[in-house]
Amino acid sequence: MDGAKFTWFPKLTSTVAKVPEEHRGLFLWALAQYGTYGIEPELAWPLDAIFESLREDIDNSKRSIENGRRGGRGNKNGAPEKREAGFTEQETPLFETGKGGLEDSQAIPGQSSPIHTNPDQKKSNRRFQKPTLQEVSDYAAEMGNPTFDAQNFIDYYESNGWKVGRNPMKDWKATVRNWVRKDKPKKGGGYIADYD
């Protein structure tokens, strides 16, 4: 029989200490059997009343351990009946590129598409690289603002460690798009100049 784990709290010890010595062994065995195997004890009064006062603590402890904790408060909704599977094979690539796995151009057997079909997924695995002045200028022109001050953009983010607020920059193109959007003239004249 495979037993479950439960945490033995000081409350259990102090309660057992108050049970008369001639019944203490029977009571301890009942707690151990219930906590480990879930066997309901057949105790006479007053031991059955004492056991009922401790049942909830043992059940909560077992539920918490099943949920991955080490005792304490359990999940409000109770332990999950069945663990849900993580990702399916279709959602998770079997190999990572560049680490002895398949190349980007090779397909997973049984599938017609390559491993990385989502360009954003592949991009998120790469580390951020600072853009060059030319890259920023070209991208801003592509976004419809050929007069965009790329040097100002580079200088600003170079001075603050390429952070957007408190977070490290992840995508400089998205940041350029925001600057271009804020650089466009307002309807009543004037410009929006707040970059942070």
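Residues numbered from 1 in each chain as written. Predicted model: local features only at pLDDT ≥ 70, side-chain atom pairs only at ≥ 80, totals over all residues. Heavy atoms only, no water.

**Student:** Go over the overall build of the protein chain with me, naming the residues and quoting the values.
**Tutor:** Helix and strand content of the protein chain: seven helices and two strands. Each helix and strand of the protein chain, ordered N terminal to C terminal, gives the series α-α-α-α-α-α-β-β-α. A total of 196 residues make up the protein chain; the buried ones form 23% of that total. Of the contacts made within the protein chain by residues no fewer than 6 positions apart, 42% connect residues no fewer than 24 positions apart. When the accessible surface of the protein chain is split by element, carbon and sulfur atoms take 50% of a total near 14,500 Å². (Helix = DSSP H or I, 4+ residues; strand = E, 2+ residues; numbered from the N terminus. Buried < 20%, exposed > 50% of the residue type's maximum accessible area, 1.4 Å probe, protein only. Contact = heavy atoms within 4.5 Å. Areas by Shrake-Rupley, 256 points an atom, 1.4 Å probe, with all protein chains shown as cover.)

**Student:** Which residues make up the packing of aromatic side chains, and what values do they have?
**Tutor:** For the structure shown, the criterion picks out 13 aromatic pairs. Look at Y157 and W162: their rings are 5.8 Å apart centre to centre, the planes differ by 25 degrees, and that puts the pair in the stacked class. An identical accessibility class is assigned to Y157 and W162; each is buried. Three or more aromatic residues link up through ring pairs in this structure, and these residues are F128, F148, F153, Y156, Y157, W162 and W179. Positioned above the aromatic ring of Y34, the side-chain terminus of K62 is 5.4 Å from the ring centre. (Phe/Tyr/Trp six-rings, centres within 6.5 Å; stacked < 30°, edge-to-face > 60°. Lys NZ or Arg CZ within 6 Å of the ring centre and 35° of its normal.)

**Student:** Just give me the short version of the side chain of K62, but keep the residues and values in it.
**Tutor:** Considering the arrangement of structural elements, one finds K62 in helix α3 (residues 47-66). The side chain of K62 sits in the buried core without any salt bridge; D59 is the nearest counter-charge, 5.1 Å away. From its side chain, K62 meets the backbone oxygen of Y34 in a polar contact 3.4 Å long. Excluding residues within four positions of it along the chain, K62 makes contact with A4, K5, F6, Y34, G35 and G38. (Lys, Arg positive; Asp, Glu negative; His and termini not counted. Salt bridge = Lys/Arg side-chain N within 4 Å of Asp/Glu carboxyl O. Polar contact = N/O pair within 3.5 Å; in protein donor to acceptor, adjacent residues only side chain to side chain.)

**Student:** I'd love a proper account of helix α7 (residues 172-183), names of residues and values included.
**Tutor:** Relative to the 16 Å expected for twelve residues at 1.5 Å per residue, α7 spans 16 Å between its end C-alpha atoms, a close match to the ideal helical length. Among the residues making up α7, those that are buried are W172, T175, V176, W179 and V180. Each buried residue of α7 sits inside an arc of 140 degrees when the element is viewed along its axis, so together they form one side. Packing partners of the buried residues in α7 comprise α5 (133-142), α6 (150-159) and β1 (163-164). The opening residue of α7, the one whose side-chain oxygen lies 3.1 Å from the backbone nitrogen of K173, is D171. (Expected span 1.5 Å × (residues − 1). Arc of directions from axis to C-beta.)

**Student:** Can you tell me about the packing of α6 against α7, naming the residues and giving the values?
**Tutor:** At their nearest, the axes of α6 and α7 sit 12 Å apart, and the two run at 120 degrees to each other. With respect to each other, α6 and α7 are oriented oblique. For the element pair α6 and α7, the recorded crossing hand is right-handed. Residue-level inspection shows N152, F153, Y156 and Y157 of α6 in contact with α7, the latter providing W172, T175, V176 and W179. (Axes fitted to C-alpha atoms, helices over the stretch in contact; angles between N-to-C directions. Parallel < 35°, antiparallel > 145°, perpendicular 65-115°, else oblique. Left-handed = near helix turned anticlockwise from the far one by under 90°.)

**Student:** Quick one: what's the story with unusual backbone geometry, residue by residue and with numbers?
**Tutor:** With an omega of 10 degrees, the peptide bond running from W45 to P46 counts as cis. By the element assignment, P46 lies in the loop between α2 (21-37) and α3. Even without being a glycine, W162 presents a positive backbone phi close to 55 degrees. Within the fold, W162 resides in the loop between α6 and β1.

**Student:** Explain the pattern of salt bridges to me, using residue names and the numbers behind them.
**Tutor:** Side-chain pairs of opposite charge can arise where the charged atoms are in close proximity. Tallying each qualifying case throughout the model produces four salt bridges. For the salt bridge of E40 with R55, the shortest nitrogen-to-oxygen distance reads 2.8 Å. Of this pair, E40 sits in the loop between α2 and α3 while R55 sits in helix α3; the two residues are 15 residues apart in sequence, bridging distant segments of the chain. By relative accessible area, which is 17% here, R55 ends up buried.

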